[in-house]
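# Coordinate inspection notes
Residues per chain, in single letters:
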Amino acid sequence: MEPNSTRAGSGRLSVRAAGAQRTRALIVEAAAALFSEQGYGSTTLKGIAERAGVSAETVGLAGPKRRLLRAAFDMAFAGSSSSFPAAGEPAYVALTEELGFEAATGEYARLLASSIARTAGLWSAFQAASDADPQAAILFEEIRQIRRVEFRRTAQWLADRGIITDEQVPGMVREFFLLASHETYLLLRSECGCTPDMFADHLQSGITRLLGDSRS
């Protein structure tokens, strides 16, 4: 009887864990929507709870507001494709093997533009949170550091394949920041009415130009 009891107990734990994961996902999704719609200051734990359909106490257990903002950004930036995770090999590496370099560049631009556009409101919320909360500023710097690492990894990936030289990597990282930052998207959206599709075209043409210039 003891092995069966152990299996039953393990099953109950698995069900509870799955339920907790679903609840947290609902909370983070609700937080992402409200932070994007209302900004950091106007979003409350009570409001997140109402949007998620859970109690305010449950939201409180999921973390303080700044931690929910960080979780919301990470979830929204990765999206369903997980193309730009905080760690591990990003999906665009496999794209070049499946599509060839030129087609992969276009798909990479589309995925990156979608991630940036999808999290533009959360980025603005984080900027506001950083001004008011030193602990939120630390979390925001962690996200910025991840973006720096990602751009550096992309540039080094190009260098490893002989597309650019090792000496060109630092300059390529700077160009990536100018081309593919949230600040650039927000400015283009505000001043030029830039849509996510337009931003994807902007990224693709910019990346093509950068790689062409690097070879000349």
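Our subject is the structure listed above.
These figures come from a predicted structure and were not determined experimentally.

The next thing to look at is the overall build of the protein chain. Summing up its helical and strand segments, the protein chain has 11 helices and zero strands in all. Overall, the protein chain shows an N-to-C arrangement of helices and strands of α-α-α-α-α-α-α-α-α-α-α. Across the protein chain, contacts joining residues at least 24 apart in sequence account for 64% of those joining residues at least 6 apart. Accessible surface for the protein chain amounts to roughly 11,500 Å². Of this, 55% is attributable to carbon and sulfur atoms.

This part covers the nonpolar core. Formed by 57 residues in total, the largest nonpolar core has its most connected members in Phe-35, Ile-48, Leu-69, Leu-122, Ile-164 and Leu-203. In terms of residue count, the dominant contributor to this core is helix α8 (residues 134-160) (nine residues). With sequence-adjacent residues up to four places away left out, Ile-48 is seen in contact with Ile-27, Ala-30, Ala-31, Leu-34, Phe-35, Thr-43, Val-59 and Leu-68.

Moving on to the environment of Val-54. Looking at the secondary structure, you find Val-54 in the loop between α2 (45-52) and α3 (56-62). Taking relative accessible area as the criterion, Val-54 reaches 23% and is therefore assigned partly exposed. Taking the C-alpha atoms as reference points, Val-54 and Ile-27, 27 residues apart in sequence, are found 8.0 Å from one another. Discounting chain neighbours no more than four positions away, the residues touching Val-54 are Thr-23, Ile-27, Ala-49 and Val-59.

Compared with the 39 Å implied by 1.5 Å per residue over 27 residues, the 38 Å span of α8 between its first and last C-alpha is a close match. In this structure Asp-133 caps α8, since a side-chain oxygen of it lies 2.9 Å from the backbone nitrogen of Gln-135. Downstream of α8 by one or two residues, Gly-162 has phi in the positive range, about 75°.

Looking now at the packing of α8 against helix α9 (residues 169-179). Between α8 and α9, whose axes approach to 9 Å, the crossing angle comes to 130°. The pairing of α8 with α9 is recorded here as oblique in orientation. In the packing of α8 onto α9, the handedness of the crossing is right-handed. Along the contact surface, α8 presents Arg-147, Arg-148, Phe-151, Arg-152, Thr-154, Ala-155, Gln-156, Leu-158 and Ala-159, while α9 presents Val-169, Pro-170, Met-172, Val-173, Phe-176 and Phe-177.

Right, let's get into helix α10 (residues 182-192). Of the residues making up α10, those classed as buried are His-182, Thr-184, Tyr-185 and Leu-186. In the stretch just after α10, Gly-193 is the one whose phi turns positive, near 65°.

Moving on, we get to the packing of aromatic side chains. For the structure shown, the criterion picks out eight aromatic pairs. An angle of 50° between the planes, with centres 5.9 Å apart, marks the rings of Phe-73 and Trp-123 as tilted. Taken together, the positions of Phe-73 in helix α4 (residues 65-78) and Trp-123 in helix α7 (residues 120-132) put the pair 50 residues apart, joining distant regions of the chain. For Trp-123, a relative accessible area of 3% gives the class buried. Relative to Phe-140, the ring of Phe-126 has its centre 5.2 Å away and its plane inclined at 10°; by these criteria the two rings are stacked. Of this pair, Phe-126 sits in helix α7 while Phe-140 sits in helix α8, and the two are 14 residues apart along the sequence. Here the two residues Phe-126 and Phe-140 agree in accessibility, since each one is buried. An aromatic cluster of at least three residues, connected via ring pairs, comprises Phe-73, Phe-77, Trp-123, Phe-126 and Phe-140. Here the guanidinium or amino end of Lys-65 rests over the ring plane of Tyr-40, the centre of that ring lying 4.3 Å away. For Arg-147, the ring lying beneath its charged end belongs to Phe-151, and the centroid distance is 4.8 Å.

The rules we used
- In this numbering scheme, every chain counts its residues from 1 along its sequence in written order.
- Note on the predicted model: pLDDT of at least 70 is required for a residue's local features to be given, and 80 or more for side-chain atom pairs to be given and counted; whole-chain, interface and lining totals, by contrast, use all residues.
- The basis for the side-chain values is all heavy atoms of the structure; hydrogens and waters are excluded.
- Secondary structure elements follow DSSP: runs of H or I of four or more residues count as helices, runs of E of two or more count as strands, with numbering from the N terminus.
- For this analysis, residues touch if any pair of their heavy atoms sits within 4.5 Å.
- Exposure was quantified through the Shrake-Rupley algorithm and a 1.4 Å probe, taking into account, for residues, occlusion by the shown protein chains and nothing else.
- Here the nonpolar core consists of buried residues drawn from Ala, Val, Leu, Ile, Met, Phe, Trp, Tyr and Cys, with membership extended through side-chain atoms lying within 4.5 Å.
- The classification of residues rests on relative accessible area computed with a 1.4 Å probe and restricted to protein chains. Under 20% of the type maximum is buried, over 50% is exposed, and intermediate values are partly exposed.
- Helices are assigned an expected span. That span is 1.5 Å times one less than the residue count.
- Here a polar contact means two N or O atoms within 3.5 Å. Within protein one must be a hydrogen donor candidate and the other an acceptor candidate, and residues neighboring in sequence count only if both atoms are side-chain atoms.
- The convention used is that axes are lines fitted to C-alpha atoms, helices contributing only their stretch in contact, and that angles between N-to-C directions extend from 0 to 180 degrees.
- In what follows, roughly perpendicular refers to angles from 65 to 115 degrees, roughly parallel to angles under 35, roughly antiparallel to angles over 145, and oblique to any angle outside these ranges.
- Throughout, a crossing is termed right-handed when the near helix is turned clockwise from the far one, and left-handed when it is turned anticlockwise from it by less than a right angle.
- By convention, a stacked pair of Phe, Tyr or Trp rings (six-membered ring in the case of Trp) has centres within 6.5 Å and planes under 30 degrees apart, an edge-to-face pair has planes over 60 apart, and any other such pair is tilted.
- Lysine NZ or arginine CZ positioned within 6 Å of the ring centre and within 35 degrees of the ring normal marks a charge as sitting over the ring.

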